[in-house]
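Structural overview
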Amino acid sequence: YCDWSSDVCSSDLSSDLQVTPDFMNKMQENPEFWLKEYGKNDKIVSRKQLGERMRTGKLFVISGPSGTGKGTICNGVLADMEGMELSISMTTRSPRPGEKEGKDYFFVTEEKFQEIKAKKGFLESAGVYEHSYGTPKKMVMEKLDSGKDVILEIDTQGALMVKESHPEGILIFILPPSLKVLKERITKRGTDSEEVISKRMKEAVKEISVADRYDYIVVNDELSVAVDTVKSIIKAERNKEIGRAHV
């Protein structure tokens, strides 16, 4: 018997306690009294305690072609949902205007990057547009172990590496409405030359070709809708864990 409307599940009570209907009624009326009364019995746990003991954070990996708005979507999710943290990647490229060390990326030299990689310090690492990118393993695992969910925004190559090393990770692919719209978005940023834009479009085609290996695909046609969709995915994945805990 397990009534989740109360703060204690009777299946967690030891056999020396007589779990009668009267006992359960009184416990539901004042669960804290019974927790205190039988506090020496470590079989009795509250729902909060049970969650603290069992909950391990979930890793949500978001990726997609440059210009799809995945960074903006991540920021929207983080602003609206509790218990979420953004994993900060490490890169060897130079900071773009407005980017800050430790907030957007950890900026390091190629030599330092390779040193960390040799020590297996990355959850994943990859070369993108002649630069190296990697996800510091220790930081992510510490957050997950503490019960926090983590959002990781990386390219498709890195995302599939994460899925291989961390199968529990949930992969979400952000798709543009069309390649035409994608090129328009990249061009409007005004930060890339025609040569770079052409290279990004070719890379986009390659990235989209592996979208079917992701757990979810979200089309970013309207930003607010895309953010709400990703939030719904996260809520659904969290509820899966709650459902398993209640079985």
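Below is a summary of the structure that appears in this document.

**Section: the packing of aromatic side chains**
On inspection of all chains with the given rule, the structure shows four aromatic pairs. Ring geometry for Phe173 against Tyr214: centres 5.1 Å apart, planes inclined by 80 degrees, an arrangement best described as edge-to-face. Of this pair, Phe173 sits in strand β8 (residues 170-175) while Tyr214 sits in the loop between α9 (194-208) and β9 (216-219), and the two are 41 residues apart along the sequence.

**With respect to the pattern of salt bridges**
Summed over the entire model, instances satisfying the criterion amount to 13 salt bridges. The closest approach of N and O atoms between Glu115 and Lys112, which form a salt bridge, is 3.9 Å. Taken as a pair, Glu115 and Lys112 lie in helix α5 (residues 110-118) at a separation of three residues, close to a single helical turn. In this structure Glu115 comes out as partly exposed when scored by relative accessible area, which is 37%. When salt bridges with common partners are traced through the structure, they connect Asp80, Asp228 and Lys231 into a single cluster.

**What about the sheet that holds strand β4 (residues 105-107)?**
Strands sit in the order β4-β3-β6-β5 across an open sheet of four strands; the sheet is mixed. The sheet terminates laterally at β4 and β5 (122-128), the two strands that pair on one side only. Sheet twist, expressed as the mean angle between neighbouring strand axes with direction ignored, is 25 degrees. Looking at chain direction, β5 and strand β6 (residues 131-136) are connected through six bridges and run antiparallel.

**Quick word on the nonpolar core**
One finds Val77, Ile151, Ile172, Val230 and Ile234 to be the most contacted residues of the largest nonpolar core, which totals 17 residues. Those elements giving two or more residues to this core turn out to be β1 (59-63), α4 (70-80), β8 and α10 (223-246). It is α10 that contributes the most residues to this core, five residues altogether. Excluding residues that lie within four positions of it along the chain, Ile234 makes contacts with Phe60, Val77, Met81, Met84 and Ile151. The next biggest cluster of nonpolar side chains, apart from the first, holds 16 residues, and it includes Leu144, Val150, Ala211 and Tyr214.

**Quick word on the pairing of β1**
Across the five residues that make up β1, a large majority, five, are buried. Where burial is concerned, the two faces of β1 agree: the one with Leu59, Val61 and Ser63 and the one with Phe60 and Ile62 are both buried. Across four bridges, the pairing between β1 and strand β7 (residues 149-153) is parallel. For Ile62, the partnering residue across the bridge sits in β7 and is Glu153. Direction of pairing for β1 relative to β8: parallel, over a ladder of four bridges. Within β8, the position partnered with Ser63 by the bridge is Phe173.

Conventions and cut-offs
For every chain, the first residue of the written sequence is number 1, and numbering continues from 1 onward in sequence order. Owing to the predicted nature of the model, reporting of local features is limited to residues with pLDDT of at least 70; listing and counting of side-chain atom pairs is limited to 80 or more, with chain, interface and lining totals taken over all residues. For side-chain calculations, the full set of non-hydrogen atoms in the structure is used, while hydrogens and water are omitted. Side-chain rings of Phe, Tyr and Trp (the six-membered ring for Trp) are treated as a pair once their centres are within 6.5 Å; stacked means planes under 30 degrees apart, edge-to-face means over 60, and tilted covers the remaining angles. In this text, helices come from DSSP runs of H or I with a minimum length of four residues, and strands from runs of E with a minimum of two, each type numbered from the N-terminal end. Should a side-chain nitrogen of Lys or Arg be within 4 Å of a carboxyl oxygen of Asp or Glu, the pair is scored as a salt bridge. Only protein chains enter the accessibility calculation, which uses a 1.4 Å probe; a residue is then buried when its area is under 20% of its type maximum, exposed when over 50%, and partly exposed in between. When DSSP finds two or more bridges between a pair of strands, those strands are recorded as paired. Axes here refer to lines fitted to C-alpha atoms; in helices the fit is confined to the stretch in contact. Angles between the N-to-C directions go from 0 to 180 degrees. Residue types Ala, Val, Leu, Ile, Met, Phe, Trp, Tyr and Cys, when buried and joined through side-chain atoms within 4.5 Å, form a set referred to as a nonpolar core. The contact definition used throughout considers only heavy atoms, calling two residues in contact when any of these lie within 4.5 Å.

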